[in-house]
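# Reading the structure
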Amino acid sequence: MSYLKQEPFGNASKQTTGFLMATIFHNYINGEWVASATGRTFEDRNPARWSDLIGLFPQSSAEDVDRAVAAARAAFPAWRRMPAPQRGEILRRAGDLLRARKDEIARAMTREMGKPFFETRGDVQEAIDTAYYAASETRRLFGHTVPSELPDKFNMTIRQPLGVVGVITAWNFPVAVPSWKIFPALACGNTVVFKPSEDAPHSGMLFVQTLIDAGVPPGVINLVHGDAEAGAALVEHPDVNAISFTGSSEVGSRIGGICGRLHKRCSLEMGGKNPLIVMEDADLDLVVNGVLWGAFGTTGQRCTATSRLILHEAVHDEVVERLCEEARRLRLGDGNEEGTDMGPLINQAALEKVQRYVEIGLKEGARLVLGGKRATGPGLDDGFFFEPTIFVDVRPEMRIAQEEIFGPVLSVLKVGSLEEAIEVANNVRYGLSSSIYTREIGRAFRAIQELEAGIVYVNAPTIGAEAHMPFGGVKQTGNGHREGGWEVFDFYTETKTVYIDYSGRLQRAQIDTAQD
Ligand code: UN1
């Protein structure tokens, strides 16, 4: 039997709302599926066919968040005392379940946020990898053992969980990004209150369902749907010890401000304006394929999207021509239909934003060589489709070279040398991902050293993070933390420093050791 057809999982019910039948979904608090305290809901719709209503989700208030945080707090002592490898076993089972449900979850994700099925499968795979990696890390979670400066004394550090962690995510990687945050948080012994994006609540719910089915105890994972109201309540809640956020720089900096005031640990993953540099010695076949995937994969709606193409003048015209030719062939459509290369933008507001940036680019004097408008036609008119769009003659100070558009819009800049390319690449407020295509090792290493970014790819586009590698950005993309890899375990634990004196006498550090 199809997993997704086992409706209503105990968390959803069919109800008549006005004139239409809609599936009503719930929050998950303390091991139970519950409606929001206010009874308010919001709609979740398919961006490729807006008439397709996926369901109604609770519009949660501070009261719902309060209940979820109380449940997470109550569950914390037992969860943190469970031996970490046992927690790891539960995470491994969650990975197994994601694997078994991969296609069904991916179908639902595509319906909800639009990217093609092959991409949502990749998204689930990223979560599977993260589950297994986090599970294996529960057998490490290393502390340090170091010599003491005094005799008969033992020094070490151990890691301890933080407590209750609030997780707030974006919709574009609706399973992978929550998994980056929630699996390591749980591995370390924290309990979680998770607020998924209001544009991808169903995917968030399906992810949480795998954790429940894997045996995560009641209260350890809580799901609260809603918008900025629920998000703010979570960030401001005095009993939440840490916040992990992925979203816009604007919201992130507000969250960072509040967390700073409340002495709350906070990890922010925000915008990008990721450059891809092409030197004159690059393999241009590789370049064209890489840019297509980097700029137009996920309809450009990735924080790691290739949004600036910095071309050496010697290859500029050829690359632009070949790119336009290939991008023109991309098939737009419902991502659940065979053969679709590029799905829609997420909603009306996103469509309007992208349209606005095209106008800005034209007004600034950039030259549009491809796309630039809403895509229409059979199968497209009920969705938020936008043509792959390429601007050339873009100057570094233009807004389309500076600001995150989050759509299928590529800004091409022409340079005359590697030095200039790096200068242009670094001339933005963001610093997430970056890339250089060259066959010369010295140029590659120069770029690795000089690019102001948390991630550098050589001969690959700006996307392609692997679960066991640190992920994050510098400048206004981040706030010094990394997700993924071994470094995320630093974020989710507090270091406790331990001294064990077995000398049987008072030993005074710095005083009894004085050599002078
Ligand atoms: C994001 O855009 O929020 O490597 C994350 C990548 C993806 C993750 C992107 N696996 O770009």
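To start, this report covers the structure provided alongside it. (Residues numbered from 1 in each chain as written. Predicted model: local features only at pLDDT ≥ 70, side-chain atom pairs only at ≥ 80, totals over all residues. Heavy atoms only, no water.)

## Topic: unusual backbone geometry
The general pattern is negative phi for most residues beyond glycine and trans for most peptide bonds. Operational definition: Where helices and strands are cited, they refer to DSSP runs of H or I of at least four residues and of E of at least two residues respectively, numbered from the N terminus. Think of it in three bands: with a 1.4 Å probe and only protein chains considered, a residue is buried below 20% of the maximum accessible area for its type, exposed above 50%, and partly exposed in between.
One non-glycine residue, His 263, adopts positive backbone phi at about 55 degrees. Summarising the element assignment, His 263 is placed in the loop between α8 (249-262) and β13 (265-269). Since its relative accessible area comes to 74%, His 263 is described here as exposed. Phi is positive for Gln 510, close to 70 degrees, though the residue is something other than glycine. Locating Gln 510 in the fold gives a position in the segment after β23 (493-501). Using a relative accessible area of 60% as the deciding quantity, one classes Gln 510 as exposed.

## Some words on the packing of aromatic side chains
Rules: Under the pairing criterion, centres of Phe, Tyr and Trp rings, with the six-membered ring standing for Trp, must be within 6.5 Å; the plane angle then separates stacked pairs below 30 degrees from edge-to-face pairs above 60, leaving the rest tilted.
Inspection of every chain in the model, using the stated rule, returns ten aromatic pairs. Taking 4.4 Å as the distance between ring centres and 5 degrees as the angle between the ring planes, the aromatic pair formed by Phe 25 and Phe 57 counts as stacked. Highlighted residues: Phe 25 in strand β2 (residues 20-25) and Phe 57 in strand β6 (residues 49-58), separated in sequence by 32 residues. For the pair Phe 25 and Phe 57, a shared accessibility class is recorded, and that class is buried. On the numbers, 6.1 Å between centres and 90 degrees between planes, the contact of Trp 171 with Phe 406 is edge-to-face. Separated by 235 residues along the polypeptide, Trp 171 in the loop between β9 (164-168) and α5 (176-187) and Phe 406 in the loop between α12 (399-402) and β18 (409-415) bring together distant segments of the chain.

## Remarks on the sheet that holds strand β21 (residues 455-458)
Our working definition: Any two strands with at least two DSSP bridges between them are considered paired. Fitting a line to C-alpha atoms yields each axis, with helices limited to the stretch in contact; the angle taken between N-to-C directions then spans 0 to 180 degrees.
As summarised here, the arrangement of the seven strands in space is β16-β17-β18-β15-β14-β20-β21, forming an open sheet in which the pairing is mixed. Bordering the open sheet on either side are β16 (367-370) and β21, each of which pairs with just one other strand. Each strand axis lies, on average, 25 degrees off the axis of its neighbour in the sheet, ignoring direction. Pairing between strand β17 (residues 389-392) and β18: three bridges, direction parallel. Opposite Thr 389, over in β18, you have Val 409 as the bridge partner.

## Some points on the site of the ligand
What counts is decided by this rule: Only heavy atoms are used to decide nearness, and a residue is near a molecule or strand if one of them lies within 4 Å of it. Two N or O atoms count as a polar contact when they lie within 3.5 Å, although within protein this holds only if one can serve as hydrogen donor and the other as acceptor, and sequence-adjacent residues are included solely when both atoms are side-chain atoms. Computed with a 1.4 Å probe, the accessible areas rest on the Shrake-Rupley method; for each residue, only the protein chains presented here act as cover. Boundary definitions for the domains trace back to an automatic or database domain assignment.
Around the ligand lies a shell formed by Glu 126, Asn 172, Phe 173, Trp 180, Arg 302, Cys 303, Thr 304, Ile 463, Gly 464, Ala 465 and Phe 471. In this structure, an oxygen atom belonging to the ligand sits 2.5 Å away from a main-chain N or O atom of Ala 465. Coverage of the ligand by the protein chains reaches 97% of its 320 Å² of free accessible surface. If you count residues domain by domain, the shell around the ligand takes at least three from each of domain 1 (8-270 + 481-495) and domain 2 (274-458).

## Comments concerning the side chain of Thr 389
Keep this limit in mind: Pairs of residues are marked as contacts when any of their non-hydrogen atoms sit within 4.5 Å.
Relative to the helices and strands, Thr 389 resides in strand β17. For Thr 389, a relative accessible area of 0% gives the class buried. In this structure the side chain of Thr 389 is engaged in a polar contact, spanning 2.9 Å, whose partner is the backbone nitrogen of Gly 372. Discounting residues that sit within four places of it in the chain, Thr 389 has contacts with Phe 296, Val 358, Leu 368, Leu 370, Gly 371, Gly 372, Pro 408, Val 409 and Leu 410.

## Side note on the side chain of Glu 483
Tracing the backbone shows Glu 483 in the loop between β22 (474-475) and α15 (488-491). Here Lys 181 takes part through its side chain, which lies 3.1 Å from a polar atom of the side chain of Glu 483. Those residues in contact with Glu 483 that sit more than four places away from it in its chain are Trp 180, Lys 181, Ser 244, Thr 246, Glu 269, Met 469, Pro 470, Phe 471 and Val 488.

## Thoughts on the pattern of salt bridges
For the record, the criterion: Salt bridge, as applied in this entry: a Lys or Arg side-chain nitrogen positioned within 4 Å of an Asp or Glu carboxyl oxygen.
Applying the stated rule across the entire model yields 34 salt bridges. Its salt-bridge partner being Glu 137, residue Arg 140 comes within 3.1 Å of it at the nearest N-O pair. Classification of Glu 137 as buried rests on a relative accessible area of 8%. Between Glu 387 and Lys 373 there is a salt bridge, with its nearest N and O atoms 3.2 Å apart. With Glu 387 in the loop between β16 and β17 and Lys 373 in the loop between β16 and β17, this residue pair connects regions lying 14 residues apart in the sequence. A relative accessible area of 49% means that Lys 373 is categorised as partly exposed. Three or more residues joined by partner-sharing salt bridges are found here, namely Arg 49, Asp 334 and Glu 337.

## Describing α8
Heads up, the rule is: Residue count minus one, scaled by 1.5 Å, sets the expected span of a helix.
In this model α8 runs 20 Å from its N-terminal to its C-terminal C-alpha over 14 residues, within 8% of the 20 Å that 1.5 Å per residue would give. Buried residues along α8 sit against β9, α7 (228-236), β12 (242-246), β13 and β19 (430-431).

## Quick notes on helix α2 (residues 84-100)
Along an α-helix, residues three or four apart share an orientation, since each turn contains 3.6 residues. As a reminder of what qualifies: Our arc is simply the arc of the directions from the helix axis toward the C-beta atoms.
Helix length check: α2 (17 residues) gives 24 Å between terminal C-alpha atoms against 24 Å at 1.5 Å per residue, within 8%. When we look at burial in α2, the residues that qualify are Ala 84, Arg 87, Gly 88, Ile 90, Leu 91, Ala 94, Gly 95 and Leu 98. Taken down its axis, α2 places every buried residue within 160 degrees of arc, on the same side. Among the exposed residues of α2, those pointing more than 90 degrees away from its buried face are Arg 99 and Ala 100. Where α2 is buried, its residues contact α1 (62-81), α3 (102-113), α4 (117-137), α5 and α6 (201-214).

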